[in-house]
Amino acid sequence: MKKFNPNKNIIITLIIVILVVTVLSVTIARRAAGNSTNAVQSTVNDSVGFIDKMITAPFRWIENGVNSVKNLFVTYEENERLKEKLDSFEELEQAKDNAQREIDALKEELELNATLTNYERISANVINRSPDTWQDMLIVDRGSRDGVEVNMAVMSQKGLIGRVIEVNAASSKIELLTSENQNSNHYPVRISGEDGSNFGILSSYDQKERSLVITQLTGDNELKEGDVVQTSGLGGNSPADLAIGTVIRTTKDEFGLDTQVFVKPYAQMYDIQAVTIIKRLAGEE
């Protein structure tokens, strides 16, 4: 039997290791020098790259989809915050407009009161106006304990708007000149022009023309557009010389007998914030 020689096997192993190291060194040197790969290496590299793309593509799609949904939610939340800010801004603007309207109304009442120094008067705020009687009634925050009485004349802005028809301790109901109640508008009035004065009764309100109508006219003086209309004080139901409006035009009634005078009121009847109630002439008991 042939005897095994371990020294010979060690020598062969060392030779093989040396050859492998030499081949690898030459190969690495050639790649470094030529900066290129052979066909086998290129095929392997391309295959690995393709497989990597195939494996990672679904994960990239999922990641992109998650990011898109996340961005969508972020955008939605930002839009909601912007809408809330816009709503708040609009509310502030509306509150500002309302406050300015109230200030303007109070300024007009102050200007009106400055022209009524000959009268005792009560300033009041409008606290209610019923939708079903919008053209007819309003409620103010002054009553009997403030000296308000039934039939007192009521003014707003620059002119007469109605009379008190009901009084409670802390509030009063006012019937406007726009009311269709045939008994509410009957103020005795004086129309003053260049030729003198005519007298009549404030009898109704024309909704279409937004004009007060005077009938039962007495006097022969010619009426002209712009003539001033005031309360006459006749009949004792109201003080004299309260401003009402100016003449727009005159016409005959449907029977052609009575002259109707259309008057543009100084005060508008649709946006009333504050009023002045006329008690009596100053010094009158």
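A quick note: this is a predicted structure, and the numbers were derived from the prediction, not measured.

Student: Any chance you could explain a nonpolar patch on the surface here in plain terms?
Tutor: A cluster of nonpolar side chains, contributed by I10, L14 and I18, occupies part of the molecular surface with about 300 Å² of accessible area. By the secondary structure assignment, I18 is in helix α1 (residues 6–34).

Student: What is the right way to read the nonpolar core from this model?
Tutor: Within soluble globular proteins, side chains that are nonpolar generally end up buried alongside one another. Core analysis: the biggest nonpolar cluster contains 36 residues, and V275 and I277 have the highest contact counts within it. Not counting chain neighbours up to four residues away, the residues in contact with I277 comprise E120, R121, I122, V140, V148, M152, A153, V154 and V164.

Student: What's the story with the side chain of S232 in this structure? I'm lost.
Tutor: Inspection of the secondary structure puts S232 in the loop between β9 (228–231) and β10 (243–252). Within the structure, S232 has its side chain in polar contact with the backbone nitrogen of L234 (distance 3.2 Å).

Student: What is the right way to look at the sheet that holds β9 in this model?
Tutor: The pairing of strands in a sheet comes from backbone hydrogen bonds and takes either a parallel or an antiparallel form. The antiparallel closed barrel is built from six strands, whose spatial order is β6-β7-β8-β11-β10-β9. Between one strand axis and the next, the sheet turns by 45° as a mean value, whatever way the strands run. Relative to β9, strand β6 (residues 187–193) runs antiparallel, the two being bridged by four bridges. Paired with S192 across the strands is V228, a residue of β9.

Student: Help me out: how do you make sense of the pairing of β9 in this one?
Tutor: Look at any regular strand and the pattern is simple: side chains alternate between the two faces of the sheet. As paired strands, β9 and β10 are joined by three bridges and run antiparallel to one another. What sits directly across from Q230, in β10, is A243.

Student: I'm lost on the packing of aromatic side chains in this one. Help?
Tutor: Two aromatic rings, taken as a pair, are described by how far apart their centres are and by the angle between their planes. Summed over all chains, the structure comprises zero aromatic pairs. Over the ring of Y187 we find R163, and its NZ or CZ is 4.0 Å from the ring centre. Just above the ring of F262 sits the side chain of R249; from NZ or CZ to the centre is 4.1 Å.

The rules behind the values
- Residues numbered from 1 in each chain as written.
- Predicted model: local features only at pLDDT ≥ 70, side-chain atom pairs only at ≥ 80, totals over all residues.
- Heavy atoms only, no water.
- Patch = residues over 30% accessible without salt bridge, like charges linked within 9 Å, V, L, I, M, F, W, Y side chains within 5 Å.
- Areas by Shrake-Rupley, 256 points an atom, 1.4 Å probe, with all protein chains shown as cover.
- Salt bridge = Lys/Arg side-chain N within 4 Å of Asp/Glu carboxyl O.
- Helix = DSSP H or I, 4+ residues; strand = E, 2+ residues; numbered from the N terminus.
- Core = buried A, V, L, I, M, F, W, Y, C linked by side-chain atoms within 4.5 Å.
- Buried < 20%, exposed > 50% of the residue type's maximum accessible area, 1.4 Å probe, protein only.
- Contact = heavy atoms within 4.5 Å.
- Polar contact = N/O pair within 3.5 Å; in protein donor to acceptor, adjacent residues only side chain to side chain.
- Pairing = 2+ DSSP bridges.
- Axes fitted to C-alpha atoms, helices over the stretch in contact; angles between N-to-C directions.
- Phe/Tyr/Trp six-rings, centres within 6.5 Å; stacked < 30°, edge-to-face > 60°.
- Lys NZ or Arg CZ within 6 Å of the ring centre and 35° of its normal.

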